[in-house]
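# Descriptive analysis of the structure
Below are the chains, spelled out letter by letter.
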Amino acid sequence: FAIDEIKLLDASLASAWEMCCREGWWSYATNILAARCLYAFETSQDAMLQRLLDGAASFFVDPSSSGPIPGRESGWEIWMSHSARALRRQEKWQAADKLLADFIKWLRERAAGALRAGRIEPWSPEERINVAGLAGELYQQGVVKLGLRDGACVAILNEAAELARRANDLSLAAKVDTLKVRAGLLADAPPDSVPPELRQAMSSPNRTTAGVACMALGRVKLDLVSRLLTDNPEGTDALMGRARDILLAAKSAFQNALEVLPPHLEEQAAEAHLQMGETELQLFDWTAAQTSSANALQIFERIHRPAEAAAARASLAMAMRANNRLDQAVIYAKAALQYYEKFDPDRASALLSAFPALQSSAEVEGP
């Protein structure tokens, strides 16, 4: 919602930003910088984000110390946080790590009163904001450490989650917990390893809790394979064998989810079928992938989830084509394309690339 609102106002914000830069109105620049940096980062406008940061440096950053200009700390915090995000986006992990180390040291000093040992009085609203800010940048540091494949990310994320909960920032705590699962599955972990956070949930007597945790484990395993192959494009036999072992662990997790999910959670069951189909495609088990994708499609159609049904049709088309059922594959791909052309142009483009025959059909039929 915030991004949509900023998008509507961005032309005005851009003009206001130019005026602030020209006139040196740093007090007005702080909120404008926050809004425009958020918009640029979340919409992947990296060049715009870098221009904003370059223009804002003279307002907020002390050139001799790289710390905040006295009295302009709030703007400096925004500048530091988004500078780290920009470096993350460029995968300049070492530079981001160094920047965040300095920033977090400053944030710790500011939050020291709230976090001092033995304190019993409640936090003031300002102290709560300070602790939440520290938790947010620790989350960023955890992302960077994970990018560096540094095992220290686990301890950092544990602290971030604890502080976020103490500051009652439950949204941030949930984000940190999700990343903690990934951190527990660094590339050197055994393929069948399960992070402690998920192991406990998977053994819960509550079938919903256990099923959702199994699905989370499967998705993390799929993500790990994707990162593993992206980081190692040479594709050695050892690497491919490891990827296969992780994929088998992912499939097992989705199967476990289907066994324990309560019958009324049809949407989650359909998602488990779809994710298992994706796993089986990567395992080159075309027949199994076809069955899993068809199961997902059947449920998504019954509960009226058109976007998810389109994804299931696309997955089913891929499995059928690989299984030499070309005519039927095109039928399902075309049905998925009809939805994507209306609601998801990026996926429509990807599907057309995968099925070139649909391109000529689309040109003949017109819009």
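Residues numbered from 1 in each chain as written. Predicted model: local features only at pLDDT ≥ 70, side-chain atom pairs only at ≥ 80, totals over all residues. Heavy atoms only, no water.

This brings us to the nonpolar core. Among the nonpolar cores identified, the biggest contains 57 residues, and Trp17 and Leu33 are the most heavily contacted of them. Those elements that place two or more of their residues in this core are α1 (2-23), α2 (26-42), α3 (46-60), α4 (73-89), α5 (93-115), α6 (125-147), α7 (153-166) and α8 (170-183). Sorting elements by how many residues they give to this core places α6 first, with nine residues. When near neighbours in sequence (up to four residues on either side) are disregarded, leucine 33 contacts Trp17, Leu52, Ala56, Phe60, Gly75, Ile78 and Trp79. (Core = buried A, V, L, I, M, F, W, Y, C linked by side-chain atoms within 4.5 Å. Buried < 20%, exposed > 50% of the residue type's maximum accessible area, 1.4 Å probe, protein only. Helix = DSSP H or I, 4+ residues; strand = E, 2+ residues; numbered from the N terminus. Contact = heavy atoms within 4.5 Å.)

Our next topic: the environment of leucine 9. Mapped onto the secondary structure, leucine 9 falls in helix α1. Along the chain, leucine 9 and alanine 35 lie 26 residues apart, while their C-alpha atoms are 9.9 Å from each other.

Attention now goes to the packing of helix α11 (residues 237-260) against helix α12 (residues 266-282). Here α11 crosses α12 at 160°, and the two axes come no closer than 9 Å. For the element pair α11 / α12, the angle class is roughly antiparallel. Between α11 and α12 lies a crossing of left-handed hand. Each of Leu247, Ala250, Lys251, Phe254, Gln255 and Leu258 in α11 lies in contact with α12, whose residues at this interface are Ala269, Ala272, His273, Gln275, Met276, Thr279, Glu280 and Gln282. Within the contact of α11 with α12, the residues separate by chemical class into seven nonpolar, five polar and two charged. (Axes fitted to C-alpha atoms, helices over the stretch in contact; angles between N-to-C directions. Parallel < 35°, antiparallel > 145°, perpendicular 65-115°, else oblique. Left-handed = near helix turned anticlockwise from the far one by under 90°. Nonpolar A, V, L, I, M, F, W, Y, C, P; charged D, E, K, R; others polar.)

Positive phi values are uncommon outside glycine, yet serine 66 reaches one of about 65°. According to the relative accessible area criterion, serine 66 is partly exposed, its value standing at 46%. At histidine 304, a position not held by glycine, the phi torsion is positive, near 60°. Note on placement: histidine 304 falls in the loop between α13 (286-302) and α14 (306-322).

Attention now moves to α12. In this model α12 runs 25 Å from its N-terminal to its C-terminal C-alpha over 17 residues, within 8% of the 24 Å that 1.5 Å per residue would give. What α12 keeps buried is the set Ala269, Ala270, Ala272, His273, Leu274, Gln275, Met276, Gly277, Thr279, Glu280 and Leu281. Downstream of α12 by a residue or two, phenylalanine 284 has a phi angle that is positive, lying close to 65°. (Expected span 1.5 Å × (residues − 1).)

The next point concerns the packing of aromatic side chains. Summed over the entire model, instances satisfying the criterion amount to eight aromatic pairs. Ring centres 5.9 Å apart and planes at 50° place the aromatic pair phenylalanine 59 and phenylalanine 60 in the tilted group. The two residues phenylalanine 59 and phenylalanine 60 agree in class, both being buried. Put simply, the rings of Trp17, Phe59 and Phe60 touch in pairs and so form one group of aromatic residues. (Phe/Tyr/Trp six-rings, centres within 6.5 Å; stacked < 30°, edge-to-face > 60°.)

Inspection of every chain in the model, using the stated rule, returns 14 salt bridges. Ionic pairing is found between lysine 145 and aspartate 97, a salt bridge with its closest N-O pair at 3.1 Å. Pair noted here: lysine 145 is in helix α6 and aspartate 97 is in helix α5, with a separation of 48 residues, a long-range link. According to the relative accessible area criterion, aspartate 97 is buried, its value standing at 14%. (Salt bridge = Lys/Arg side-chain N within 4 Å of Asp/Glu carboxyl O.)

On to the side chain of glutamate 127. When you line up the elements, glutamate 127 lands in helix α6. A distance of 2.7 Å separates the side chain of glutamate 127 from the side chain of arginine 119, its partner in a polar contact. Beyond its immediate sequence surroundings of up to four residues, glutamate 127 is in contact with Gly113, Ala114, Arg119 and Pro122. (Polar contact = N/O pair within 3.5 Å; in protein donor to acceptor, adjacent residues only side chain to side chain.)

Moving on, we get to the confidence of the model for the protein. Per-residue confidence for the protein gives a mean pLDDT of 87, with 94% of residues at or over 70. By mean pLDDT, helix α17 (residues 357-365) is the weakest element of the protein at 56, and α13 is the strongest at 96. A low-confidence stretch, residues 362-367 (pLDDT under 50), is modelled with two contacts involving residues beyond four sequence positions or located in other chains. (pLDDT = per-residue confidence, 0-100.)

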